[in-house]
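# Residue-level structure breakdown
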Amino acid sequence: MKTEQEYIKDLSEIRSMMERSTKFVSLSGLSGIMAGIYALAGAYIAYRQFYQNTDTPLFNTLYPQDMAGIVVSLVMLAIAVLVLAVGTAVYLSHRKAARDKQVLWNPTSRRLLFNMSIPLLTGGLFILVLISNGILGLIAPLSLIFYGLALLNASKFTYDEIKYLGMTEIILGLLSSCFIGYGLFFWAVGFGLMHIGYGIYMHQKYER
C-alpha cells in the first residue's frame, strides 16, 4: 500500500508530464543571456557609430533630418542582432530538448511560434510604415511594446516567467515613448539587461 508521500510524488510526476505535453519547456535560459549580450553589443555599436561622433547628444531628441542617413544602418544592425539571438535560441533549445529526450518542433512549439509571430509581424510592419514616413522617434518604444505583447501572447504555451518579462517590456516601451530621446537607452535595458536577468533566473531555476 502506497504511503501519502508516494501518492504526492505520483501526482507531481503526472502534473509534470501534462505540463510538458501542453507547454514548451525546451526554452534555454542561456539563450536569454546570449540575446541580452547581443542586444547590448548592438546598442554599443549604434552609440559608437551613430551617436558618439555627432553634435547631437545621445539623449537628445533626434529629428528625421538627423537620422535620414543612418536609419537603414540601424535597421540592418537590429536585424543582425535578431538573427543572432534567434539562431542561438534555436540551437540551445534544440540541445536542451535532445538532452531531455524531447522533440523541439512539436504542436506546442508551433502554437507558441504562431501566437508570438502575430504581434511581432504586426509591430515590424507598423515600424516600417513609420520609417517610410519619417516618424523615427517611436521606433524604440514600439519595438519594446510589440515584443512585450508577443511574449504575453506566447506565455500560455511556455514558462509563466515569460509573461512577466513581456509586461516589463511593455512598461519600458511606454516609458520610452515619454522620453523619445532616450530610445537607445530603453532599448538596451529592455532587450539587453532584461534578457540577461531573465536568462540567469531561468537557468538557475530550471537548468541546474
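A short tour of the structure in this document, coming up. The shown structure was predicted, so the numbers you read here are calculated from the model rather than taken from an experiment.

### A word on the packing of aromatic side chains
- Under the defined criterion, the tally for this structure stands at 5 aromatic pairs.
- On the basis of an interplanar angle of 40° and a centroid distance of 5.2 Å, the ring pair of Y147 and F191 is categorised as tilted. Here the residue Y147 occupies a position in helix α6 (residues 139–154), and F191 occupies one in helix α8 (residues 183–206), the gap between them amounting to 44 residues. Grouping residues by exposure puts Y147 and F191 together as buried.
- With centroids separated by 5.5 Å and ring planes inclined at 80°, the aromatic side chains of F185 and F186 adopt a geometry described as edge-to-face.
- Under the relative-accessibility criterion, F186 is labelled buried at 9%.
- Site record: aromatic cluster; members linked through ring pairs are Y147, W187 and F191.

### Remarks on the environment of Y198
- Tracing the sequence through the fold places Y198 in helix α8.
- The exposure class assigned to Y198 is buried, which follows from its relative accessible area of 11%.
- Once residues within four sequence positions are removed from consideration, Y198 is found in contact with L27, E161, I162 and L165.

The rules behind these values
Residues numbered from 1 in each chain as written. Predicted model: local features only at pLDDT ≥ 70, side-chain atom pairs only at ≥ 80, totals over all residues. Heavy atoms only, no water. Phe/Tyr/Trp six-rings, centres within 6.5 Å; stacked < 30°, edge-to-face > 60°. Helix = DSSP H or I, 4+ residues; strand = E, 2+ residues; numbered from the N terminus. Buried < 20%, exposed > 50% of the residue type's maximum accessible area, 1.4 Å probe, protein only. Contact = heavy atoms within 4.5 Å.

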